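One-letter residues, chain by chain:
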2 protein chains.
Amino acid sequence: MEKGYRIAVVGATGAVGTKMIEMLEETTLPIESIKLLASKRSAGKTRIFNGVTLTIEELVPDSFNDVDIALFSAGGGISKIYAPEAVKRGAVVVDNTSYFRMDKEVPLVVPEVNPAALKRHKGIIANPNCSTIQMMVALEPIRKEAGLNRIIVSTYQAVSGAGAKAVEELKREAKEFLAGKSKDELDPQILPAGSDKKHYSIAFNALPQIDVFAEDDYTYEEWKMINETHKIMEDDAIKVAATCVRIPVVSGHSESVYIETKKEMSPQAVKDLLAKSPGVTLEDDPSQQIYPQALNSVDKKDTFVGRIRRDLDVKTGLHMWVVSDNLLKGAAWNSVQIAETLHEMDLVRVPK
Amino acid sequence: MEKGYRIAVVGATGAVGTKMIEMLEETTLPIESIKLLASKRSAGKTRIFNGVTLTIEELVPDSFNDVDIALFSAGGGISKIYAPEAVKRGAVVVDNTSYFRMDKEVPLVVPEVNPAALKRHKGIIANPNCSTIQMMVALEPIRKEAGLNRIIVSTYQAVSGAGAKAVEELKREAKEFLAGKSKDELDPQILPAGSDKKHYSIAFNALPQIDVFAEDDYTYEEWKMINETHKIMEDDAIKVAATCVRIPVVSGHSESVYIETKKEMSPQAVKDLLAKSPGVTLEDDPSQQIYPQALNSVDKKDTFVGRIRRDLDVKTGLHMWVVSDNLLKGAAWNSVQIAETLHEMDLVRVPK
């Protein structure tokens, strides 16, 4: 009988870390032990795993001495320092931050899309950006069938993508706004980006900034969608444009996606294809007002696709609406799924 | 000295009607009298106009016997019946509903874009759909300068576009959700479309349906953006695709707009052009996190444009973020502005 794995969760108290623990309760991965790691400040707090109370330990390099798989989600700075320490001690790292994503030595993996990339891992595997993952799950079956020339995506991203404190900020602002405070009295502290200079209210607003601004007046979030798509689909020729927007939703990212395929595909053919594609739930029946909704996606592992229709002018153009729980498929579930896939492919070891 | 006009507001108690009264307080249009009309149910209620208390009267055909300009915003069914009655009695009608918009005999006007169309009016002028108007204000200067081949728009529309009761629904749902009710207990009654079969929660959600579904699985709202753009710009060759989405914002529609021009224009040239274009406020400085926001647009008459940047693959491609108060430029202000323009062009009369 196979031995179970010794798993560590780094960032166990965060929005994603909390969901990682839940996903590990549901995984098919054989587990021998779970170690929860966080900053000194959170050490000593407890979490329940499958009915057992676990105490959170302070993250130090030697935390990984007895770990086989470490799931990181505690910020890029932590991954930068501690992921190599974990690998040095023999743990395979699945990193949910952006720190290693564009590193040529690090596979960037959505298990439904490019599991083969895992074979090249040298100890660290990167989990893509939440908004990229769900788009890849929806588009990869179409790319395989008909090729993909172009993607134009506008996102409607949930606040939990910015962390648990941002969710508290949204709820506090919403309560105060509903109690009669004006927009200028809401005192935002985190959004649109905790590290940026100015902060704006998200309650009853839409903010066209996620992460900070970078080259060509695109935000990093927009660049992530562009660069990660090229890396995951292994095709830099796909034209990708993204506009990333935060809206007052707690969890569940929605995306308005326009694509141009190489070969013409009817909307019905796309629906038939996606209905049988891994990780996708087709929700598409306008006659019954069936389409994906952020609120309905919460706590579900799949990516929901609907509103599939042909462009009225471009023969190979298609529009669709793609929704998924950003904390699950966009983060915690994809990370655990990578660990499951590593196990299935017998790749849970650091190559020499 | 010029005589003032006798103005009627039809639907005076609605979300838009209320704003029409405010806009008439601020207009340069010479006004002799204001008559407020609504259903029998609202007759007898009062509203303040420039410090004077006005009593709402029941709408009947003879309401228009002594009216020069009638502003309608009481639903398509009311416009269908009463707009011709008003014209018959000598009033010029500015209709904010969709009923007459695609009628070949009826000009569809955004004063900054196609004022000349007013010359052809036969008594009724249609006010375009809110989401179309702000897009036209932002794009017309670019079309004139560089031509326009293509528009792909994804909207982030405010709830007040669905009326005052929909705003109450959003606020009620938000309060209940924040107080701990689950999404299945929110009991939505109006959105996404009052006349449709099913209703969904809008609080902390995003609904990819505005108005009911029509041909090719596009909603009427999406068809309005497509057809009205062709009519207003008088060019059916422009490729237009729209995905219309309701988000939990009270007022202020936002739009992620991608265009392809005929002639290449740099983002800086577009910014310089829009900075001096009528009805536009340029808000575009990523280094200072300056971009349009729905919350900031409320009670402003302009259309705000920012996040202007080049597409990374298509030389003539540009992306931008367009925001305006849907109740003002999207409805009440555009209607009053049409009345002002009719006055300036000496067209406040029903042609024989």
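Residues numbered from 1 in each chain as written. Chains lettered and ligands numbered in written order. Predicted model: local features only at pLDDT ≥ 70, side-chain atom pairs only at ≥ 80, totals over all residues. Heavy atoms only, no water.

1. Re the UniProt feature "binding site: substrate" (unreviewed entry) in chain A
Residues and elements named next belong to chain A. Under the present numbering, the feature "binding site: substrate" (unreviewed entry) in UniProt falls on Gln 157 and Arg 246. Taken along the chain, the residues just named run across 90 residues; in space they keep tight, none of their C-alpha pairs more than 4.7 Å apart. With respect to the helices and strands, Gln 157 occurs in the loop between strand E9 (148–156) and helix H4 (164–178). Owing to a relative accessible area of 1%, Gln 157 belongs among the buried residues under this scheme. Aside from chain neighbours lying at most four places away, what touches Gln 157 is Cys 130, Ser 131, Ile 210, Glu 221, Cys 244, Val 245, Arg 246, Ile 247 and His 253. If you trace the backbone, Arg 246 turns up in the loop between strand E10 (239–243) and strand E11 (253–261). Judged by its relative accessible area of 5%, Arg 246 is buried. (UniProt positions renumbered as here; feature names shortened; annotations may be inferred. Helix = DSSP H or I, 4+ residues; strand = E, 2+ residues; numbered from the N terminus. Buried < 20%, exposed > 50% of the residue type's maximum accessible area, 1.4 Å probe, protein only. Contact = heavy atoms within 4.5 Å.)

2. Comments concerning the packing of helix H3 (residues 130–146) of chain A against helix H8 (residues 328–344) of chain A
Residue and element names in this part refer to chain A. Taken N-terminus to C-terminus, the directions of H3 and H8 make an angle of 85 degrees; their axes are 8 Å apart at the nearest point. What the angle tells us is that H3 and H8 run roughly perpendicular. For the pair H3 and H8, the contacting residues are Cys 130, Ile 133 and Val 137 in the first and Lys 329, Gly 330 and Asn 334 in the second. Among the residues forming the contact of H3 with H8, the class breakdown is three nonpolar, two polar and one charged. (Axes fitted to C-alpha atoms, helices over the stretch in contact; angles between N-to-C directions. Parallel < 35°, antiparallel > 145°, perpendicular 65-115°, else oblique. Nonpolar A, V, L, I, M, F, W, Y, C, P; charged D, E, K, R; others polar.)

3. Considering the sheet that holds strand E12 (residues 280–282) of chain B
Residues and elements named next belong to chain B. In spatial order, the strands read E10-E9-E11-E14-E13-E12; together these six strands make up an open sheet with mixed pairing. Each edge of the sheet is formed by a strand with only one pairing partner; in this case those strands are strand E10 (239–243) and E12. The sheet shows a mean angle of 25 degrees between the axes of neighbouring strands, direction not considered. Taken together, the five bridges between strand E9 (residues 148–156) and E10 define a ladder with parallel strand orientation. If you follow Val 153 over to E10, its bridge partner there is Ala 242. (Pairing = 2+ DSSP bridges.)

4. Thoughts on the interface of chain A and chain B
Reports of interface size often rely on the accessible area that becomes lost once the parts have come together. Taken residue by residue, the interface counts 69 residues in chain A and 69 residues in chain B. Across the chain A to chain B interface the summed buried area is about 6,000 Å²; carbon plus sulfur atoms make up 58%. At the junction of chain A and chain B, the tally comes to ten salt bridges. In this structure, B:Glu222 and A:Arg307 form a salt bridge, with 2.7 Å as the shortest nitrogen-oxygen distance. (Buried area = accessible area lost by both parts, 1.4 Å probe. Salt bridge = Lys/Arg side-chain N within 4 Å of Asp/Glu carboxyl O.)

5. Comments concerning the sheet that holds strand E2 (residues 31–38) of chain A
Residues and elements named next belong to chain A. Within the open sheet, the six strands sit side by side as E5-E2-E1-E6-E7-E8. Their pairing is parallel. Whereas interior strands pair on both sides, the edge strands pair on one side only; in this sheet they are strand E5 (57–58) and strand E8 (124–126). Two strands pair when backbone bridges link them, and strand E6 (residues 69–72) and strand E7 (residues 92–95) are joined in this way by four bridges, in the parallel orientation. Within the sheet, the bridge partner assigned to Ala 70 lies in E7 and is Val 93. Along the sheet face, helix H2 (residues 76–88) touches strand E1 (5–10), E6, E7 and E8 and points at about 175 degrees away from the line of E6. Here H8 sits on the sheet and contacts E1, E6, E7 and E8; the angle it forms with E7, its principal contact strand, is near 150 degrees.

6. Notes on the domain arrangement of chain A
All names here are of chain A. Taken domain by domain, chain A consists of domain 1 (5–128 + 331–344) and domain 2 (132–326). Using only C-alpha atoms to locate each centre, domain 1 and domain 2 end up separated by 25 Å. With 21 residues of domain 1 at the interface, the matching set in domain 2 holds 18 residues. Summing both sides of the interface, domain 1 and domain 2 together bury roughly 1,700 Å²; the carbon and sulfur share of this comes to 63%. It is Met 102, Glu 112 and Val 113 that lose the most area in domain 1 upon contact with domain 2, and together they represent 31% of the buried surface on that side. There are three salt bridges connecting domain 1 and domain 2. (Domains from an automatic or database assignment.)

7. Topic: the relation of the copies chain A and chain B
Superposing chain A onto chain B takes a rotation of 180 degrees combined with a translation of 0.0 Å along the rotation axis, leaving an RMSD of 0.0 Å. These values place the two chain copies in the arrangement generated by a two-fold rotation axis. An overlap of 100% is found between the interface residues of chain A and their copies at the interface of chain B, pointing to a shared contact surface. (Least-squares fit on C-alpha atoms with pLDDT ≥ 70 in both.)

8. Section: H2(A)
Residue and element names in this part refer to chain A. Taking 1.5 Å per residue, 13 residues should reach 18 Å; H2 reaches 18 Å between its end C-alpha atoms and fits that length. Along H2, the sharpest kink reaches roughly 35 degrees, centred on Tyr 82 and followed within four residues by the proline Pro 84. The set of residues buried in H2 consists of Ser 79, Tyr 82, Ala 83, Glu 85, Ala 86 and Val 87. Backbone geometry just downstream of H2 places Gly 90 in the positive-phi region, at approximately 95 degrees. (Expected span 1.5 Å × (residues − 1). Bend = angle between axes of the 7 residues up to and from the residue.)

9. Looking at the UniProt feature "active site" (unreviewed entry) in chain A
Residues and elements named next belong to chain A. Those places that UniProt annotates as "active site" (unreviewed entry) correspond, in this numbering, to Cys 130 and His 253. In terms of the greatest pairwise C-alpha distance, the residues named above, spread along 124 residues, form a tight cluster of at most 8.2 Å across. Following the sequence through the fold, Cys 130 ends up in helix H3. Overall, the relative accessible area of 13% leaves Cys 130 in the buried class. Look past the residues within four positions of Cys 130 in its chain and what remains in contact with it is Gln 157, Glu 221, His 253, Asn 326 and Gly 330. Look at His 253 and you get buried, because its relative accessible area is 0%.

10. Thoughts on the pattern of salt bridges
Taken as a whole and assessed by the stated rule, the structure comprises 46 salt bridges over all chains. The salt bridge involving A:Glu260 is made with B:Arg150; its shortest N-O contact spans 2.9 Å. Taken together, the residues span two chains, with A:Glu260 in strand E11 and B:Arg150 in strand E9. Among the residues examined, A:Glu260 registers a relative accessible area of 15% and is labelled buried.

11. Considering the side chain of A:Ser131
All names here are of chain A. For Ser 131, the position within the fold is in helix H3. A polar side-chain atom of Ser 131 sits 3.1 Å from a polar atom in the side chain of Glu 221. With residues up to four places along the chain from it excluded, the contact list for Ser 131 reads Gln 157, Glu 221, Met 225, His 253 and Glu 255. (Polar contact = N/O pair within 3.5 Å; in protein donor to acceptor, adjacent residues only side chain to side chain.)

12. Focus: the packing of aromatic side chains
Under the definition given, this model contains 15 aromatic pairs over all chains. Ring-pair connections join several aromatic residues into one group, and the members of that group are A:Tyr156, A:Trp321, B:Tyr156 and B:Trp321. The ring of A:Trp333 has A:Lys301 lying over it, and the distance from NZ or CZ to the ring centre is 5.0 Å. Residue placement shows A:Arg309 over the ring face of B:Tyr218; its charged tip is 4.5 Å from the ring centre. (Phe/Tyr/Trp six-rings, centres within 6.5 Å; stacked < 30°, edge-to-face > 60°. Lys NZ or Arg CZ within 6 Å of the ring centre and 35° of its normal.)

13. Description of the side chain of A:Arg309
In this fold, A:Arg309 is placed in strand E13 (residues 303–310). With a relative accessible area of 1%, A:Arg309 lands in the buried category. Within the structure, A:Arg309 has its side chain in polar contact with the side chain of B:Thr243 (distance 2.8 Å). Apart from the residues within four sequence positions on either side, A:Arg309 is in contact with A:Pro267, A:Gly317, A:Leu318, A:His319, A:Met320, B:Asp216, B:Asp217, B:Tyr218, B:Glu222, B:Ala242 and B:Thr243.

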